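This is what each chain is made of:
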Amino acid sequence: MKYFALLLMGEAVCLAQSTVLVYDRDVPQSAFAAAEIRKAYASSGRSLVEQGSGALSGNTSPLRLVIAADRAHSRQVSDALAITGLKSEAAQSYSIRRQVKDGRTTIAVLAADAAGAMYGGLDLAEGIRLGTLAAMRDSDHSAHIERRGIKFNVPLDARTPSYSDNSDAAQKNIPEMWSLDFWYKFLDEMARHRFNVLSLWNLHPFPSLVKVPEYPDVALEDVKRSLVPMDDTYSLNGDDMVRPATLSKLETVKRMTIGEKIGFWRNVMQYAHERGIEVYWFTWNIFTFGAEGKYGITPEQTNQKTIDYFRASVRELVLTYPLLDGIGITAGEQMQERQGEFSKEQWLWKTYGEGILDAKKLQPDRHVRLIHRYHQTAQGEILDTFKRYPDTLDLSFKYAIAHMYSIPNPPFIQAALPNIVPEHRTWLTVRDDDIYSFRWGDPAYARDFIRNMPGPDKVAGFYMGPDGYIWGREFLSTEPERPRDLVIGKRWYSFMLWGRLSYEPDLPDSLFVGSIAQRFPEVPADKMFRAWSEASKVFPQITRFFWGDIDARWFPEACLSHPRFAKGFYTVQHFMEGQTMPGSGVLDLVEWRQRKLSGQAMDGTTPLEVADALAQHATEALRMVSELRRSQGANKDLRLTLGDMEAMAHLGDYYAAKIRGAADLALFDKTGKAEQRESAVRYLQIALDHWKRYASSYALQYEQPKLYNRVGWVDIPGLAAKVEQDIAIARLWVPGTVPDAAKVRYDDKPFRK
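Below or above, wherever it landed, is the structure these notes cover.

Calculation notes
- Residues numbered from 1 in each chain as written.
- Predicted model: local features only at pLDDT ≥ 70, side-chain atom pairs only at ≥ 80, totals over all residues.
- Heavy atoms only, no water.
- Helix = DSSP H or I, 4+ residues; strand = E, 2+ residues; numbered from the N terminus.
- Rg over C-alpha atoms; globule rule 2.2 N^0.38 Å.
- Buried < 20%, exposed > 50% of the residue type's maximum accessible area, 1.4 Å probe, protein only.
- Contact = heavy atoms within 4.5 Å.
- Areas by Shrake-Rupley, 256 points an atom, 1.4 Å probe, with all protein chains shown as cover.
- Lys, Arg positive; Asp, Glu negative; His and termini not counted.
- Charge placed at Lys NZ, Arg CZ, Asp CG, Glu CD.
- Phe/Tyr/Trp six-rings, centres within 6.5 Å; stacked < 30°, edge-to-face > 60°.
- Lys NZ or Arg CZ within 6 Å of the ring centre and 35° of its normal.
- Pairing = 2+ DSSP bridges.
- Axes fitted to C-alpha atoms, helices over the stretch in contact; angles between N-to-C directions.

Glancing now at the overall build of the protein. For the protein, the count of helices and strands is 24 helices and 18 strands. For the protein, the C-alpha radius of gyration of 28 Å lies close to 27 Å, the compact-globule estimate for 753 residues. Over its C-alpha atoms, taken along the principal directions, the protein stretches across nearly 100 × 65 × 50 Å. Looking at the protein residue by residue over its 753 residues, the buried ones come to 61%. Taking as baseline every contact in the protein between residues at least 6 positions apart, the subset at least 24 positions apart corresponds to 78%. Total accessible area on the protein is roughly 27500 Å²; 51% of this is exposed by carbon and sulfur atoms. The average position of the 93 basic charges and that of the 95 acidic charges among the side chains of the protein differ by 1 Å.

For the rest of this paragraph, the subject is the packing of aromatic side chains. Scanning all chains against the criterion turns up 70 aromatic pairs. A centroid spacing of 6.5 Å and a plane angle of 80° characterise the contact between Tyr 445 and Trp 498, whose relative ring orientation is edge-to-face. Here Tyr 445 is found in helix H13 (residues 443–451), whereas its partner Trp 498 is found in helix H15 (residues 492–503), with 53 residues between them in sequence. Between the aromatic rings of Phe 555 and Tyr 708, the centroid separation amounts to 5.7 Å while the plane-to-plane angle is 50°, which identifies the pairing as tilted. Taken together, the residues span a long stretch of sequence, with Phe 555 in the loop between helix H18 (538–545) and helix H19 (572–577) and Tyr 708 in strand E17 (residues 706–708) at a distance of 153 residues. Tyr 708 carries the same exposure label as Phe 555, and that label is buried. Note that Arg 275 overlies the ring of Tyr 271, its terminal NZ or CZ placed 4.4 Å from the centroid. A cation over a ring is seen here: Lys 658 above Phe 575, with NZ or CZ 4.9 Å from the ring centre.

Attention now moves to the sheet that holds strand E15 (residues 426–431). Sheet architecture is closed into a barrel: eight strands sit in the order E7-E8-E11-E12-E13-E14-E15-E16, paired in parallel fashion. Neighbouring strand axes in the sheet, compared pairwise and without regard to direction, differ in orientation by 25° on average. Sheet topology note: the strand E12 (residues 326–329)/strand E13 (residues 369–373) ladder contains four bridges and is parallel. Across the sheet, the residue bridging to Ile 329 is His 372, located in E13.

Structure representation (C-alpha cells):
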C-alpha cells in the first residue's frame, strides 16, 4: 500500500512537470495531430501526458496544449479559459490562443471542424520540432483556397491502365497502388502539407473497382502487369495503351478478388477522410480496357450496349464507395465530334449523369460532386446538357496547360473567367510536367502563383500533378532507400510550399528556413534556403522563354519533346524559331532580332535578359552549394538535395549559353556577319561544356535512360551528342533561313464557350 501511494505521488509529480495534451481521441483528425505532437516530444526527449477532451481542468502541468475539434467544443474551451474565441467558423478554420495565468501556459487550438483541429494541432507539432512553440502567439487561420489537391494518374493494372502507363515509373508503381502502406504514408504526407483533395485518374477504372450485377464478368481478379517492355511508339491519346502484345505475357503482382479490391479502396477512402481529404475518381473517355469484347462492349460512341454498361458502372461506383466525394469526367481523348443523341455531351450525360441519378434513387441523401473538364468540349454544351444534374456541378480548366513552372500568372483562363458563375465554379488543373527528377523549392514563385489564382467566386479548388510521371514511389535514384522513397517524401519541400501556401499564402519565409534547419542541421539554413530558391528559378525562366504548351512538346529537364509527335531534341535552330509563353512579356528571338536591327525599343524582356537571369541564378546557386558542401557531412538527403541544386544550376547555365548562341546565330542569319556566327559557335561550345557538367551531376544521382510516356526515352548523358550537333549547325548555317514573318501558333485550346 505504501508502494502504491508512492507510485501515485510520483505520477502526480511527473504530471506536474510534463506537458499535458488535451484532445478528443474519438476524432481521427485530432488523433493524427496528437500523434505528430507525441513524435515531436519523443524526438526531443521530453515527456507528454495525453488526456481526453473532458480533462481541461484538474491538472497542474505548467504547459497545457488543448485541441478543440468543433465549434461547440471551441466555445466551451474559450469560455472555460476566458480567452478570445474562434474567429472564423468557415470550414477548416482555426484559431490559436495562448494564455499565461498563475504560472501556467495554455496553448489552445479552437477549430471550426475536425480538419481545422488537425491543422492547428500540426502547427503545435511543428512549433515543438522547430523550437518555436514558446514564441507562438494568438493567431487566426482560414483556407485561402478551399480545396487543395493532388492529381494522381493511377496505374491500376495492365488491363486498366492510366494515361501514363507506357513509362518506367508507371509500370514499377503498379504494385504500390495496391499497398495500404503506400497510401497511408502518402495521405499522411498530404495532410501534413495541408492538401485536402486526392484526385485519382484512370482511363477506365471500373473493372478494377466495382462488380456490376449486369456485367459480372467485367470485374477483374488479381493485379496484373505486363512483362512486355514498353516503348515510345504509343499514341498520345491513350487509345493503344492496352495492346494484344502487352496482354500476351502478364505477371500477377498481387492476388486479390474483386471483393478484396473493393475493401482495399474503401480503406483508402476511409483513411483519407480521417485526414480531412476528399477523394475523387477521374476518367477519360471512351475507353473500355478490361471490358472490351465482353457483353458487346466496344469503345464506339454509338454503341448502346457500351452506354448501358458505363451507366451501370457509374451507379455501382457511387453505391460501392459511400466515401467517394465525386467523379471527374473528360469529353476525350477518344470521343468523336458528333451531333444529336450520340454527341459527346449526350453520351456523357447518358452514362455518368444518369448513372449517378440511378445511384441517388437508391441513396437519396447522397451528394456526388461532378467535375466536368473543359478539355475538348464547350462550356455551353456542358451546362445545357447537364442542367438536370441535382448536385454540385463544377468545371475544370488546364490552368497553365502542362507547365506550372513558367509564369506565376498564366493568361489562359482569362477567356473563361467572364463565363464562370458561382453555381458552376471551375477547378484548376495545375500540371507539373516540368520537373520529374529534382527537389524544387522557391517559395516566392509558389506564393505568387497561388496569389494570382482567381478567387473563390470563380475557383472551387485545384489539383496539381503530372501526366508524364507518377507521384508514387520514386524509381529514378541510383542509391535508393529500401523501400524506395515516396515522391511526396523525397520532394517534401516542394509539396510543403504548394500545400501550406495554398492554405495560407502569407506564411513567412522564416517557417521554411526553420524547416530546412530542422531537417539539415549540418548547414546554415538561410544559405540553404537561398541556394535552393536560386537553383529552382531556372525552370520558370526557361519555360517562359521556350514554350511548348503540352507535355509532349516541352520537357525542360532534357530540352526535349516527343520524337514522333514533336521535334525530339530542340536544336539551336528550334530555339531561333521558337515562341515564348503567351502572357510572359518575353520577346522571342525573331521579334528581338527585328527590333534590334531596326533600332526599335525592346517592348518586353529580351532573350539576352533571360539568359542573364539564368546565368545569375546558376552562378549564385553554384557558389552557395560549393560552400554548403563543405559541411554536408554524412547526411545523404542533404547531399542529394545539394546535388539537385547543382544539376539545376548547370542546366540553367546550359540554357543561358544556348540562348546567347541562338541570339547571335539569329543575327548572323539576317546580316551575314561572320563574327556573329563565330560568337554563336563559341557560346554553343560553352553550352556543350555546361551540358556535360549537367549530365555528370544528373547521372550521379539518377538512372538513365528512362522511358516517359509523353516524351519517350530520356538519356541526359546520351543527349550530349545532340547538344554537340548545335555547334555544327551554327558552323554550317546559311543566312536567310529563318524568316521574319510571324509564326502561326498551334497552342492547346483549354476553353471553348
